[in-house]
Amino acid sequence: MSSTPFTVAADATPADRLAALTRLHHALEDCRRCPAMFGPSVHSATLISPVMLVGQAPGTREIEQGLPFCWTAGKTLFRWLGSIGMDEPVCRERLLISAVCRCFPGKNPKGGDRVPDGEEIARCAEWWRGELALLRPRLIIPVGKLAIAQLMDFKRLNEVVGQQWRYRDPAGWEADMIPLPHSSGASTWFKMEPGKTLLAEALALIEAHPAWRALRADHSLVVK
């Protein structure tokens, strides 16, 4: 990533990273790069956490409330995460919740939300990649095909959910990555086999991960 007002040195302090993240979120709030997207853009609490969750794009409720994962998909996602030790209020206080696109893409004429196109995804990449660079998290949780595809190559969810992968950043640092399926109410993948079993295996991996366990036990790991 080229130098921007949001980048910091590799040895920057947590306070410096937080200050840069604050600048990034302020700039994100003013972003109007995509004429076909509906804002305002959405971001989670501004914090430095060892765990980063990456979703796909907000829906209408998220835009209205200015809060990621605040409707049907969020209820399901936070139920999953609550089953492994951190419920919705705790997750919102301790995880950086990002997304591939930060505005609502609009509706698909054939039903459901429109999938952002390649140009929209590219224009929005600065935001989530900037967050990733500032956090350098120990654990990344991409949720849904669109988010997973930004971090690794795959064809089917069956190939990647239920396993732990290694993410190697171009800047030289590494993190573990445990993908989850999208928690949308329109999805049936996680409600039938093999998705049901693979989801359970993915959640077990997250629960056992040292970064998740440490964050669950000690909120002081989060810098606000």
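The rules behind each value
Residues numbered from 1 in each chain as written. Predicted model: local features only at pLDDT ≥ 70, side-chain atom pairs only at ≥ 80, totals over all residues. Heavy atoms only, no water. Helix = DSSP H or I, 4+ residues; strand = E, 2+ residues; numbered from the N terminus. Rg over C-alpha atoms; globule rule 2.2 N^0.38 Å. Buried < 20%, exposed > 50% of the residue type's maximum accessible area, 1.4 Å probe, protein only. Contact = heavy atoms within 4.5 Å. Pairing = 2+ DSSP bridges. Axes fitted to C-alpha atoms, helices over the stretch in contact; angles between N-to-C directions. Phe/Tyr/Trp six-rings, centres within 6.5 Å; stacked < 30°, edge-to-face > 60°. Lys NZ or Arg CZ within 6 Å of the ring centre and 35° of its normal. Expected span 1.5 Å × (residues − 1). Bend = angle between axes of the 7 residues up to and from the residue. Polar contact = N/O pair within 3.5 Å; in protein donor to acceptor, adjacent residues only side chain to side chain. Parallel < 35°, antiparallel > 145°, perpendicular 65-115°, else oblique. Nonpolar A, V, L, I, M, F, W, Y, C, P; charged D, E, K, R; others polar. Salt bridge = Lys/Arg side-chain N within 4 Å of Asp/Glu carboxyl O.

## Quick word on the overall build of the protein chain
Helix and strand counts for the protein chain stand at eight helices and five strands. Expected size for 224 residues packed as a compact globule is a radius of gyration near 17 Å; at 16 Å, the protein chain falls within 12% of this value. Structurally, the protein chain occupies a C-alpha span of about 45 × 40 × 30 Å along its principal axes. Looking at the protein chain residue by residue over its 224 residues, the buried ones come to 50%. Across the protein chain, contacts joining residues at least 24 apart in sequence account for 71% of those joining residues at least 6 apart.

## Observations concerning the sheet that holds strand β4 (residues 165-168)
If you walk across this open sheet you meet the five strands as β2-β1-β3-β5-β4, and the pairing is mixed. At either margin of the open sheet sits one strand with a lone partner, and together these are β2 (96-99) and β4. Strand after strand, the sheet turns through a mean of 30° between neighbouring axes, direction not considered. One ladder, built from four bridges, connects β4 with strand β5 (residues 174-177); its direction is antiparallel. Paired with R168 across the bridge in β5 is E174.

## Overview of the packing of aromatic side chains
If you walk through the whole model with that rule in mind, you get four aromatic pairs. Here the aromatic rings of F6 and W127 are separated by 5.9 Å at their centres, their planes lie at 45°, and the arrangement is tilted. Separated by 121 residues along the polypeptide, F6 in the segment before α1 (14-29) and W127 in helix α5 (residues 118-135) bring together distant segments of the chain. The ring centre of W71 lies 4.0 Å from the NZ or CZ of R61, which sits over that ring. The ring centre of W71 lies 4.5 Å from the NZ or CZ of K75, which sits over that ring.

## Side note on α5
Look at α5: 25 Å from first C-alpha to last across 18 residues, which is about the 26 Å you get at 1.5 Å a residue. At C124, α5 is deflected by roughly 45°, the largest bend along its length. Where α5 is buried, its residues touch α1, β1 (51-55), β2, β3 (139-142), α6 (145-149) and β4. A distance of 3.1 Å separates the backbone nitrogen of E119 from a side-chain oxygen at the start of α5, and that oxygen is part of D117. R136 occupies a position one or two residues after α5 and carries a positive phi of about 45°.

## So, the packing of α1 against α5
Between two packed helices, both the angle of their axes relative to each other and the distance between the axes serve to describe the pair. Remark: α1 packs on α5, axes separated minimally by 10 Å, with the N-to-C direction vectors making an angle of 170°. Comparing their axes, α5 and α1 come out roughly antiparallel. Where α1 abuts α5, its residues R17, A20, L21, L24, H25, A27 and L28 lie against E126, W127, G130, E131, A133, L134 and L135. Considering only residue class, the contact of α1 with α5 consists of nine nonpolar, two polar and three charged.

## Points about the side chain of R17
Looking at the element boundaries, R17 is found in helix α1. Only 3.5 Å separates the side chain of R17 from the backbone oxygen of A12, close enough to count as a polar contact. Beyond its immediate stretch of four places on either side in the chain, R17 contacts V8, A9, A10, A12, I48, A133, L134 and R136.

## Here's the deal with the pattern of salt bridges
Inspection of the entire model under this criterion finds ten salt bridges. For R92, the salt bridge is made with E88, and the minimal N-O distance between the two is 3.0 Å. Of this pair, R92 and E88 are both found in helix α4 (residues 88-94), four residues apart, which corresponds to roughly one turn of the helix. A relative accessible area of 31% means that E88 is categorised as partly exposed. R102 is the salt-bridge partner of E131, the closest N and O atoms lying 3.1 Å from each other. Separated by 29 residues along the polypeptide, E131 in helix α5 and R102 in the loop between β2 and α5 bring together distant segments of the chain. In this structure, E131 and R102 share a single accessibility class: buried. Within the structure, one salt-bridge network assembled from shared partners comprises R166, R168, E174 and D176.

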